[in-house]
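Here is what each chain is made of, one letter per residue.
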Amino acid sequence: MRLRFAPSPTGALHIGGARTALYNWLLARGGGGELLLRIEDTDRERSTPENVEQIFDALRWLGLDWDGDPVFQSRRAPRHAEVLARLLDSGRAYHSNATAQDVRAFKDRHGSDKGFRGEPEPGGAVRLHAGEGEPLRVADVIRGETVFAREHMDDPVIARADGSVLYNFAVAVDDLDAGITHVVRGEDHLSNTPKQLLVFEALGAQAPVYAHLPLLHGPDGKKLSKRHGAASVQELRDAGYLPEAVRNYLALLGWGHGDDTKLSTDELQRLFRLEDVSRNPARFDEQKLRWLNGLYVRELSPRELAARLEEFTGRANLLEAARISQEKIQTLADFWPLSGFLFDGPRDDPQARERVLERNGAHDVLAQAREALAAAEGFDPDAVEAALRAVVEARGVKPKDVFQPVRVAIAGTTVSPGIFESVATLGRAETLRRIDAVLGP
RNA sequence: GCCCCCAUGGUGUAACGGUUAGCACGCGAGCCUUUCACGCUCGAAGCGGGAGUUCGACUCUCCCUGGGGGUACCA
């Protein structure tokens, strides 16, 4: 099995493209196949080095590798010209000056379901004869056979008047030269496939097996875009998702294995089959990604989580904070808002202070908790718990009547990791300092 | 307009002619509980519509409707 992922570098790698890359990669890595990366950069304006770098970057972060050096389609221009000349010589292609208007005029005369047929002329763009007779059949692993009648097709333009070739021609030639056996790509290419089939046919070559993946949509069913939140791989990374969780989630958009939801990358490689890919378009549901990401976050060792958090936040020494935050965060981005107070001081949440600290008795409770913590023997979570529970006991109040004031005193808000762990992580001196700051002189 | 693809709860999917239509996210209720989470229990929610085929259709066929893609001397 020889596969390829062929993005055009027109911007960030979208999650749809990421899923296409993932499926190709799963197939190659799961079945001893090969995966080529081809950059389709023949659109001179949109293909910038920065955009190419973004693609590499996204694939690297996702953990998807490829075999050999990436192929840049633009550098294959000489080869394309050579094949084009061959087609012209053999009469399978011809020069034509017909414009889009001419094509429309042709359809006005012959019916809008009649494909345009041109006359060979001395110059102009190059068109391929679509011919007549047997229809073109796209053998698609996912959707079965799709038939395209030649009569419906216009003779496709395969090269501009200046000799530069067009996408559908370049793709077919490149896939052929690379010995690609399976083309796995988005469904938006299905309608283009007959044009590519025409190229294979004109070259007397056999076409690869195709698999057109259902498209990915935003939550509203429309095309995925920035306003749907994280729509590109880099945005996913910035939003604090783990690459392994993203791989898992993306694999599930359009594919599944029984009732399984959480599937490791190893399992995905083993279980993924093109035949099981769904035919319906799927919507990107960030809530489910968040949930799944939370599963992966909780599965990490505290050391590993700390390492990821350190890279994500750019801060150091997060091990203890990571440990006590682990079951409360779903993404790496959730960490700092929850536990940043351990490092940067209490957060400023006037509402929390008002509701918790300015209640009757709160100061007395806090003063008593302070004394208990000051006198505690040791300062690990157990010692802290013993000290604070003693205060609860002594005052005959509910646990939260003691814990919440302490929490707001040290964190500035009503939400934090477990109070005993938080206090212990903060340390005795800092805890007392923060409580004193609330109690005032 | 023309060509093509698709159609199970809000979302992702399972069922491959006979099931009380399963699972997961999300949502609601409850339990747990120091906040928030996690976890557990329970619950609401679905086969787009119409004709066929068949003893029997979510499953097969056709039509309609709805969504999507293509229709460039873009990729």
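Residues numbered from 1 in each chain as written. Chains lettered and ligands numbered in written order. Predicted model: local features only at pLDDT ≥ 70, side-chain atom pairs only at ≥ 80, totals over all residues. Heavy atoms only, no water.

Draft legend 1. Fine view of the pairing of strand β1 (residues 2-5). With 4 bridges connecting them, β1 and strand β2 (residues 34-39) associate as parallel partners. Note on β2: the bridge partner recorded for Arg4 is Leu36. Of the crossover connections in this fold, the one passing from β1 over helix α1 (residues 15-30) to the parallel β2 is right-handed. (Pairing = 2+ DSSP bridges. Helix = DSSP H or I, 4+ residues; strand = E, 2+ residues; numbered from the N terminus. Right-handed = clockwise from strand over helix to strand, strands pointing away.)

Draft legend 2. Region of the structure containing the layout of surface pockets. Its volume calculated, the largest pocket comes out at about 1,200 Å³. If you go around the largest pocket, you meet 38 residues; those closest to its centre are Ser8, Thr10, Gly17, Asp188 and His189. For the lining of the largest pocket, the secondary-structure elements that each account for two or more residues are β1, α1, β9 (182-186) and β11 (216-217). A per-element tally of the lining of the largest pocket places α1 first, with 4 residues. Among the residues making up the lining of the largest pocket, the classes are represented as 15 nonpolar, 13 polar and 10 charged. (1 Å grid on protein atoms, 1.4 Å probe; cavity = no way out; pocket = protein on both sides within 12 Å on 5 of 7 lines; lining within 4 Å. Points joined across faces, edges and corners; volume = space filled by probe spheres on them. Nonpolar A, V, L, I, M, F, W, Y, C, P; charged D, E, K, R; others polar.)

Draft legend 3. How the structure looks around helix α2 (residues 49-62). The end-to-end C-alpha separation of α2 is 20 Å, in line with the 20 Å expected for 14 residues at 1.5 Å each. By the burial criterion, the buried members of α2 are Asn51, Val52, Ile55, Phe56, Ala58, Leu59, Trp61 and Leu62. Of the surrounding elements, those touching the buried residues of α2 are β1, α1, β2, β3 (71-72), α7 (233-238) and α8 (243-252). A positive backbone phi angle near 80° is found at Gly63, which sits one or two residues after α2. (Expected span 1.5 Å × (residues − 1). Buried < 20%, exposed > 50% of the residue type's maximum accessible area, 1.4 Å probe, protein only. Contact = heavy atoms within 4.5 Å.)

Draft legend 4. Geometry of the nonpolar core. In terms of nonpolar packing, the biggest core is built from 97 residues, with Leu373 and Leu388 touching the most fellow members. Looking at which element gives the most residues to this core, the answer is α1, with 9 residues. Those residues in contact with Leu388 that sit more than four places away from it in its chain are Ala369, Leu373, Val402, Phe403, Val406 and Phe420. Of all hydrophobic cores here, the second largest spans 30 residues; its members include Val138, Val165, Phe169 and Val183. (Core = buried A, V, L, I, M, F, W, Y, C linked by side-chain atoms within 4.5 Å.)

Draft legend 5. Main features of the sheet that holds strand β8 (residues 157-159). Strand order in the open sheet formed by 3 strands is β4-β5-β8, and the pairing between neighbours is antiparallel. Where the open sheet ends on each side, the last strands, each with one partner, are β4 (93-96) and β8. If you compare each strand with its neighbour and ignore which way they point, the axes differ by 45° on average. In this structure, strand β5 (residues 125-128) lies alongside β8, joined through 2 bridges in antiparallel fashion. Its bridge partner lying in β8, Val126 is registered against Ala159. (Axes fitted to C-alpha atoms, helices over the stretch in contact; angles between N-to-C directions.)

Draft legend 6. Summary view of α1. If you check α1, its first and last C-alpha atoms are 21 Å apart, about what 16 residues at 1.5 Å a residue would give, namely 22 Å. Taken across its 16 residues, α1 has 12 buried, putting it largely inside the fold. Looking one or two residues beyond α1, the residue adopting positive phi is Gly32, at roughly 65°.

Draft legend 7. Spatial organisation of the packing of helix α17 (residues 381-395) against helix α19 (residues 419-426). Look at α17 against α19: their axes get within 8 Å of each other, and the N-to-C directions meet at 115°. Pair α17 / α19 crosses with right-handed handedness. Where α17 abuts α19, its residues Pro381, Val384, Glu385, Leu388 and Arg389 lie against Phe420, Glu421, Val423 and Ala424. (Left-handed = near helix turned anticlockwise from the far one by under 90°.)

Draft legend 8. The confidence of the model for chain A, seen in detail. Looking at chain A as a whole, its pLDDT mean stands at 94, while 99% of the residues score no less than 70. Scoring of the predicted complex yields 0.95 for pTM and 0.95 for ipTM. (pLDDT = per-residue confidence, 0-100.)

Draft legend 9. Broad picture of unusual backbone geometry. Positive phi outside glycine occurs at Asn317, with the angle close to 55°. Residue position: Asn317 is located in the loop between α11 (302-313) and α12 (319-325). The exposed category is assigned to Asn317, whose relative accessible area is 68%.

Draft legend 10. Broad picture of the environment of Val246. Turning to its location among the elements, Val246 is positioned in helix α8. In the structure, Val246 is positioned 10 residues away from Leu236 in sequence and 8.1 Å away in space, judged by C-alpha atoms. Those residues in contact with Val246, other than ones at most four positions away along the chain, are Trp61, Leu62, Leu236, Tyr241 and Leu289.

Draft legend 11. Representation of the protein's contact with RNA strand B. Near RNA strand B lie 63 residues; those nearest to it are Ser8, Arg143, Arg160, Lys328 and Arg407. The sugar-phosphate portion of RNA strand B accounts for 70% of its atoms within 4 Å of the protein, the bases making up the rest. Ala161 is positioned with one of its backbone polar atoms (N or O) 3.0 Å from a base oxygen of RNA strand B. Between a base nitrogen of RNA strand B and a side-chain N or O atom of Asn192, the distance comes to 2.7 Å. (Near = heavy atom within 4 Å. Polar contact = N/O pair within 3.5 Å; in protein donor to acceptor, adjacent residues only side chain to side chain.)

Draft legend 12. Representation of the environment of Gly378 within the structure. Looking at where Gly378 falls in the secondary structure, it is placed in the loop between α16 (362-375) and α17. When neighbours within four sequence positions are excluded, Gly378 is seen to be in contact with Ala383 and Arg428.

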